[in-house]
Amino acid sequence: PGDPQICPKRCVCQILSPNLATLCAKKGLLFVPPNIDRRTVELRLADNFVTNIKRKDFANMTSLVDLTLSRNTISFITPHAFADLRNLRALHLNSNRLTKITNDMFSGLSNLHHLILNNNQLTLISSTAFDDVFALEELDLSYNNLETIPWDAVEKMVSLHTLSLDHNMIDNIPKGTFSHLHKMTRLDVTSNKLQKLPPDPLFQRAQVLATSGIISPSTFALSFGGNPLHCNCELLWLRRLSREDDLETCASPPLLTGRYFWSIPEEEFLCEPPLITRHTHEMRVLEGQRATLRCKARGDPEPAIHWISPEGKLISNATRSLVYDNGTLDILITTVKDTGAFTCIASNPAGEATQIVDLHIIAAAHHHHHH
Ligand SMILES: *[C@@H]1O[C@H](CO)[C@@H](O)[C@H](O)[C@H]1NC(C)=O
Ligand SMILES: *[C@@H]1O[C@H](CO)[C@@H](O)[C@H](O)[C@H]1NC(C)=O
Ligand SMILES: *[C@@H]1O[C@H](CO)[C@@H](O)[C@H](O)[C@H]1NC(C)=O
């Protein structure tokens, strides 16, 4: 009703009553046409030569539901460029030249269900970039150069059913990422740099895992081939899932290098308990000086080292003491009260090892005069 519809030059505009579609795919466009009817519901701009998106391009398009910008040459999107699109359900930006997703790029897209960003050159997604797109059902970030993604935001996407992260450089997925994502049916992390996957109840409900093919609605598809899997006891949970044989291989430990994941018996997924290989035995230090206590351990996975003070307290970084990842404890300015037996604890999922380090602080001479 009301004003007659306007249609940009070269585009085709269809009224699929009551909806308006503006079809501008493959029209040789160098920018988003300025005179698109603001009431349009579907806007197709794929296969053009658009290089950037400006704030005004989609201003006031509050009816827009479906926006396709695939296969352009977009490398820049102005912050808040999609902010008026409160009804947008699907945003296709695949096969463009985006290198970064900045904080306000997707602001306002609170009803977005499908965000398709595969085949760009993404190396970075800002930590709050996905804060507004919590309603996503599908997120496709495959074929980019990402080392990490904002996992905190993903954790909150409770409607998510498909997460495609394949062909990136992701080396870690934090434990608990999928705890609340009960609708997930497909996770693809093929060809990344993952040495392990965090165990998650989500994966436990997977009955059949398949790299490709038809998935029945009750099953969960997990694809993780092409990762440098470290096949120790931490991956035993994954090995125990039933699945069709596939071609995933182990990269390490040395005994399992190159062997097919699903053909290795469970008993061979081994961890090694920690063994403390080097440590300070005893140390004498003048009061006020620095004391550096060392403790080194090996094991599989790499043991974590903790220190316990003579009073039995776990030592953490503080003004006077530093605990390094390599196991070294530095007490920067010692006092006589530091004298005592410190305990180094090395631990990993296979066990624990401890050693005692005796520290003697020798009271400085000037203190004796005062006593
Ligand atoms: C959007 O709407 C505002 C307020 O009605 C108007 O001032 C502005 O020119 C419109 N922008 C576009 C690009 O249509
Ligand atoms: C303590 O601080 C040091 C130096 O800043 C850092 O390398 C180390 O990772 C910190 N340790 C912990 C347990 O946070
Ligand atoms: C551990 O790391 C700290 C800080 O990087 C360094 O000063 C110390 O020499 C290291 N210790 C060992 C045993 O490698």
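Described in the following lines is the structure provided in the data block. Since the structure is predicted, the reported quantities are computational estimates derived from the model, not experimental observations.

## Some points on the nonpolar core
Part 1 of the argument: Counting residues in hydrophobic clusters, the biggest one holds 74 residues, and the most contacted among them are Phe58, Leu67, Phe82, Leu91, Phe106 and Phe130.
Part 2 of the argument: Contributions of two or more residues to this core are made by helix H1 (151-155), helix H2 (201-204) and helix H3 (236-239).
Part 3 of the argument: Look past the residues within four positions of phenylalanine 58 in its chain and what remains in contact with it is Val32, Arg38, Leu43, Leu45, Ile53, Leu67, Leu69, Ala81, Phe82, Asp84 and Leu85.
Part 4 of the argument: Of all hydrophobic cores here, the second largest spans 18 residues; its members include Ala291, Ile315, Cys344 and Ala353.

## Some points on the packing of aromatic side chains
Two numbers describe a pair of aromatic rings. These are the distance of the centres and the angle of the planes.
Part 1 of the argument: Throughout the structure, instances matching the rule amount to 7 aromatic pairs.
Part 2 of the argument: Consider the rings of phenylalanine 58 and phenylalanine 82, whose centres lie 5.8 Å apart with planes at 20 degrees: the pair is stacked. Within this pair, whereas phenylalanine 58 is found in the loop between strand S4 (52-53) and strand S5 (66-68), its partner phenylalanine 82 is found in the loop between strand S6 (76-77) and strand S7 (90-92), the two being separated by 24 residues in sequence. With respect to burial, phenylalanine 58 and phenylalanine 82 carry one shared label: buried.
Part 3 of the argument: Ring centres of phenylalanine 106 and phenylalanine 130 lie 6.4 Å apart, and the angle between their planes is 20 degrees; this geometry places the pair in the stacked category. Linking phenylalanine 106 in the loop between strand S8 (100-101) and strand S9 (114-116) with phenylalanine 130 in the loop between strand S10 (124-125) and strand S11 (138-140), this pair joins segments that are 24 residues apart in sequence.
Part 4 of the argument: Among the aromatic residues, ring-to-ring pairing joins Phe58, Phe82, Phe106 and Phe130 into one connected group.

## Considerations on the site of ligand 2
Part 1 of the argument: In the vicinity of ligand 2, the residues found are Asn317, Leu322, Val323, Tyr324 and Asp325.
Part 2 of the argument: Within the backbone of valine 323, an N or O atom sits 2.9 Å from a nitrogen atom of ligand 2.
Part 3 of the argument: At a separation of 3.4 Å, an oxygen atom of ligand 2 approaches a polar side-chain atom of aspartate 325.
Part 4 of the argument: Split by residue class, the shell around ligand 2 holds 3 nonpolar, 1 polar and 1 charged.

## Focus: the site of ligand 3
Part 1 of the argument: As a matter of local geometry, ligand 3 sits amid Arg294, Tyr324, Asn326 and Thr328.
Part 2 of the argument: Here asparagine 326 contributes a side-chain N or O atom positioned 2.3 Å from an oxygen atom of ligand 3.
Part 3 of the argument: When the free accessible area of ligand 3 is taken as 360 Å², the share hidden by the protein chains comes to 49%.
Part 4 of the argument: Residue composition of the shell around ligand 3, by class: 1 nonpolar, 2 polar and 1 charged.

## Observations concerning the state of the cysteines
Part 1 of the argument: Counted under the stated rule, the structure contains 5 disulfides.
Part 2 of the argument: Two residues share a disulfide in this structure: cysteine 231 and cysteine 250, whose sulfurs sit 2.0 Å from each other. Its S-S torsion of about -90 degrees marks the bond between cysteine 231 and cysteine 250 as left-handed, since a negative value means left-handed. Of the two residues, cysteine 231 is situated in the loop between strand S15 (229-230) and H3 and cysteine 250 in strand S16 (residues 250-252); the sequence distance between them amounts to 19 residues. Each member of the pair cysteine 231 and cysteine 250 is classed as buried.

## Overview of the environment of glutamate 272
Part 1 of the argument: Within the secondary structure, glutamate 272 sits in strand S17 (residues 272-279).
Part 2 of the argument: For glutamate 272, a relative accessible area of 41% gives the class partly exposed.
Part 3 of the argument: Through-space distance from the C-alpha of glutamate 272 to that of leucine 163 is 34 Å; in sequence the pair is 109 residues apart.

## A short note on the pairing of strand S24 (residues 340-348)
Part 1 of the argument: Of the strand pairs in this sheet, strand S21 (residues 304-308) and S24 are connected by 5 bridges, and their pairing is antiparallel. By the bridge assignment, alanine 304 is partnered in S24 with serine 347.
Part 2 of the argument: Bridge count for S24 against strand S25 (residues 351-362) is 9 bridges, and the pairing is antiparallel. Following the sheet pairing, asparagine 348 is matched in S25 by glycine 351.
Part 3 of the argument: Between S24 and S25, which pair antiparallel one after the other, the connecting turn spans 2 residues.

Quick notes on the rules
- The residue count restarts for each chain, going from 1 along the sequence in the order it is written.
- Chains carry letters from A onward and ligands carry numbers from 1 onward, assigned in written order.
- Reporting in this predicted model follows two pLDDT cut-offs: at least 70 for local features of residues, and 80 or more for side-chain atom pairs to be given and counted; totals over whole chains, interfaces and linings ignore these cut-offs and use all residues.
- Side-chain measures here rest on the full set of heavy atoms in the structure, leaving out hydrogens and waters.
- Each nonpolar core is a collection of buried residues, namely Ala, Val, Leu, Ile, Met, Phe, Trp, Tyr and Cys, held together in the definition by side-chain atoms within 4.5 Å.
- With a 1.4 Å probe rolled over the protein chains alone, any residue whose accessible area is under 20% of its type maximum counts as buried; one over 50% counts as exposed, and the rest are partly exposed.
- Put simply, DSSP marks the helices as runs of H or I at least four residues long and the strands as runs of E at least two long, and each gets a number from the N terminus on.
- In this description, contact between two residues means that some pair of their heavy atoms is separated by no more than 4.5 Å.
- Each pair of aromatic rings taken from Phe, Tyr and Trp, with Trp reduced to its six-membered ring, is defined by centres within 6.5 Å and is described as stacked if the planes are under 30 degrees apart, edge-to-face if over 60, and tilted in the remaining cases.
- Note on terminology: near, applied to a residue and a molecule or strand, indicates that one of the residue's heavy atoms is within 4 Å of it.
- Side-chain atoms alone can form a polar contact between residues adjacent in sequence; in general such a contact is a pair of N or O atoms within 3.5 Å, and within protein one must be able to donate a hydrogen while the other accepts it.
- Note on residue classes: Ala, Val, Leu, Ile, Met, Phe, Trp, Tyr, Cys and Pro are nonpolar, Asp, Glu, Lys and Arg are charged, and everything else, Gly too, is polar.
- Note on areas: Shrake-Rupley, 1.4 Å probe, and residue coverage restricted to the protein chains presented here.
- When two cysteine sulfur atoms lie within 2.5 Å, the pair is treated as a disulfide.
- Note: two strands are recorded as paired if DSSP finds a minimum of 2 bridges between them.

Remember, this is a structural readout, not a statement about activity or role.
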